[in-house]
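Per-entry structural report
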Amino acid sequence: MSEGATNEYWRWPESTWTNPDIDWKKGTLITAGVDVGSVSSQGVVVVDGELYSFGNTRTGYDSPDSARKSLTMALGKTDLTLDRIDYCIGTGYGRVNVPMAQRTITEIACHARGANFMYGPEVRTVMDMGGQDCKAINCDEKGKVLNFMMNDKCAAGTGRGMEVFADLIEVPVWEIGPRSFQIEKEPPMISSTCVVFAKSEVVGLLEEGVPENDIIAAYCAAMAHRIMELLNRLGVHEKFVITGGIAKNEGVVKRLEKELRIKTAETVWYRPEYKAYPFDTQIAGALGAALFAEAMVRKGKAQSVRKA
Amino acid sequence: MIVAGIDLGGKNAHVVVLKDDEILAKGEATTGIQKAAAAETVYDETLKKAGLERTDVERMVATGSAGKRAAFADGVIPDAAADVRGVNRLFPSARTVIDVGAEEGRAIKVSPEGRVLDFAINEKCAAGAGTFVEAMARALEISVEEMATISLKSTKSIPMNAQCAVFGESEVVSLIHQKVAKQDIAKAVHDAIAGRIASVGRIVGLEQDVVVIGGMANNKGFIDALTKEIQIDVIVPADPAFIGALGAAVAAASGVLDEKVEATVVEQETVTEGEA
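1. Remarks on the interface of chain B and chain A
Listed by partner, the interface residues are 21 residues for chain B and 27 residues for chain A. Of all elements in the fold, only helix 3 (130-140), helix 5 (165-177) and strand 12 (271-275) of chain B reach the threshold of two or more residues within the side of chain B that touches chain A. When residues of the side of chain B that touches chain A are assigned to their parent elements, the largest contribution, five residues, is made by strand 12 of chain B. Each residue belonging to the side of chain B that touches chain A can be placed in one class, and the counts come to 10 nonpolar, seven polar and four charged. Summarising the sheet, strand 9 (residues 145-151) of chain A and strand 12 of chain B pair through five bridges and their orientation is antiparallel. Its bridge partner lying in strand 12 of chain B, methionine 150 of chain A is registered against threonine 272 of chain B.

Written out as structure tokens, the structure reads:
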């Protein structure tokens, strides 16, 4: 992958948001979570256990920089500064490289906790579709992890696999989902599991003149199948939710639901008062970390480091 | 009697023409996507070198992952069946054949008569095949040949964490950023693939003599790493990429037009389990 290429089809849109209904100055406990993933990084700020702001950015070569950038984005246009944050927890693949964090917690625990907040206490299985891994997690009504299975060794079924495909077929990643349904009939899925072999298979199909959208559908189906294999090994229970970037790709999600014969929960906030707020499946890990931070300080298990 | 064999693989085609057990001509070509057409061309060109035409050939047998695309062949045999015949023809003492091509890694236990006794294959994952090394060479921005040469100069053992070829490319890029010498990265790549190939080999046992064939056998860096990994000196034929085609021709000479071979399919484990 060359930096600065003219067409970067994998380059998904970054995002940032601040809760208009919260005045941080009135809050007593301000905590943050920073999730440095292999592909994306998120910073989330929580005021007294309520979502205050988030930033979602692409992870660069330097993990500490990506951590800083995501939290700077979350603090964004607010006048809240880092020294006013009581406690910060780092999570994700690059969690040891979060300079502003006082401690780290695994992304598995954080995703379950974050999903519990976002989708509600009925959540029992969380599928976190990360950039370079995917994790199927079973949890209880408090968002506590019961057991999990993780593929972190193979690009098939990860966000990275989808990015490689988007670059190959020269279609932006966010168009993959919608275009995968612009077909006459569902094609057979790409038969190679391995992303490298799938690339050759896709090149072959393109040269045979198979319509591009059919190939997109075939790739989405293969990815859904790969994820299903992991979920079936763990055992999937409703309420079933998907977090991470691939959750935004309906081409994969709809086909996964069909294979599993289980619906994924709607991507809307569980709390009715959050209805108007944007819902970003990628913030689950950082949100979970910020919520852990809040609970730890509140319960006296961690000391506030607030300076101002 | 004139017979011929073609090995139509994932990337390349190899042809061998035999006359009464003697090699008359050899030919090779990169096939790309249009494998059937490429096979026709390379077959005709090889025959031409020997001053022959298709009608001069008594029997022609194809092998390789795309063997069925060779429309002119009288029969198709699996790679393993061709490998053992080709190796046995050159090295009757061989008891294990390791064949590492672009898209698969195989280990075959071979009988003194040149028949398949046991067979294991990894064909589902690029991490266990030559494609992995090609991808890492691309990330290093050097040729596979150069990578093989420089890796022999390395005295360091750096582990590669990535198993997947896609993740491996990122890891190589990050090692370059950390200013790790290219020769050490090259050795790490060869050590990694050698480890995976060795584990396929251990499934069938690594009885000596061990002969390594396929495109990767040309890679001295890989052969060095494999030798150290399995602690056995291996034999590499002069033209390792032609063994499959030679074996197909040997099969054609003995009238073998098809053969069933059962394999243990090796899959890389990718899942980690955990409890809270």
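2. Some points on unusual backbone geometry
A cis amide bond links glutamate 238 of chain A to the next residue, lysine 239 of chain A, at an omega of 0°. For lysine 239 of chain A, the location among the structural elements is in the loop between helix 6 (212-234) and strand 10 (240-244). Cis geometry marks the peptide bond from glutamine 208 of chain B to aspartate 209 of chain B, where omega comes out at 0°. The phi torsion at glutamate 170 of chain A lies on the positive side, around 60°, for a residue other than glycine. Along the chain, the position of glutamate 170 of chain A falls in the loop between helix 3 (159-169) and helix 4 (173-179). The phi dihedral of arginine 261 of chain A is positive, around 60°, even though this residue is not glycine. Inspection of the secondary structure puts arginine 261 of chain A in the loop between helix 7 (250-260) and helix 8 (284-298). Residue classification places arginine 261 of chain A among the exposed positions, given that 6 C-beta atoms sit within 10 Å.

3. Considering the domain arrangement of chain B
Residues and elements named next belong to chain B. Taken domain by domain, chain B comprises domain 1 (1-91 + 238-267) and domain 2 (93-236). Using C-alpha coordinates to define each centre, domain 1 is positioned 24 Å away from domain 2. Taken residue by residue, the interface counts 23 residues in domain 1 and 30 residues in domain 2. Of all the elements in the fold, those that place two or more residues in the side of domain 1 that touches domain 2 are helix 2 (79-90) and strand 11 (264-265). Taken together, the residues of the side of domain 1 that touches domain 2 sort by class into 12 nonpolar, five polar and six charged.

4. With respect to the nonpolar core
Residues Val45 of chain A together with Ala4, Ile6 and Ala249 of chain B are the most contacted members of the largest nonpolar core, which totals 190 residues. Take this core: its biggest share by element is 14 residues, from helix 6 of chain A. If sequence neighbours within four positions are ignored, valine 45 of chain A has contacts with Ile30, Ala32, Tyr52, Ser53, Ala74, Leu75, Leu80 and Ala290 of chain A.

What counts, and where the lines are drawn
Residues numbered from 1 in each chain as written. Chains lettered and ligands numbered in written order. Predicted model: local features only at pLDDT ≥ 70, side-chain atom pairs only at ≥ 80, totals over all residues. Contact = placed C-beta atoms within 7 Å. Helix = DSSP H or I, 4+ residues; strand = E, 2+ residues; numbered from the N terminus. Nonpolar A, V, L, I, M, F, W, Y, C, P; charged D, E, K, R; others polar. Pairing = 2+ DSSP bridges. Buried ≥ 20, exposed ≤ 12 C-beta atoms within 10 Å, placed from the backbone. Domains from an automatic or database assignment. Core = buried A, V, L, I, M, F, W, Y, C linked by C-beta atoms within 7 Å.

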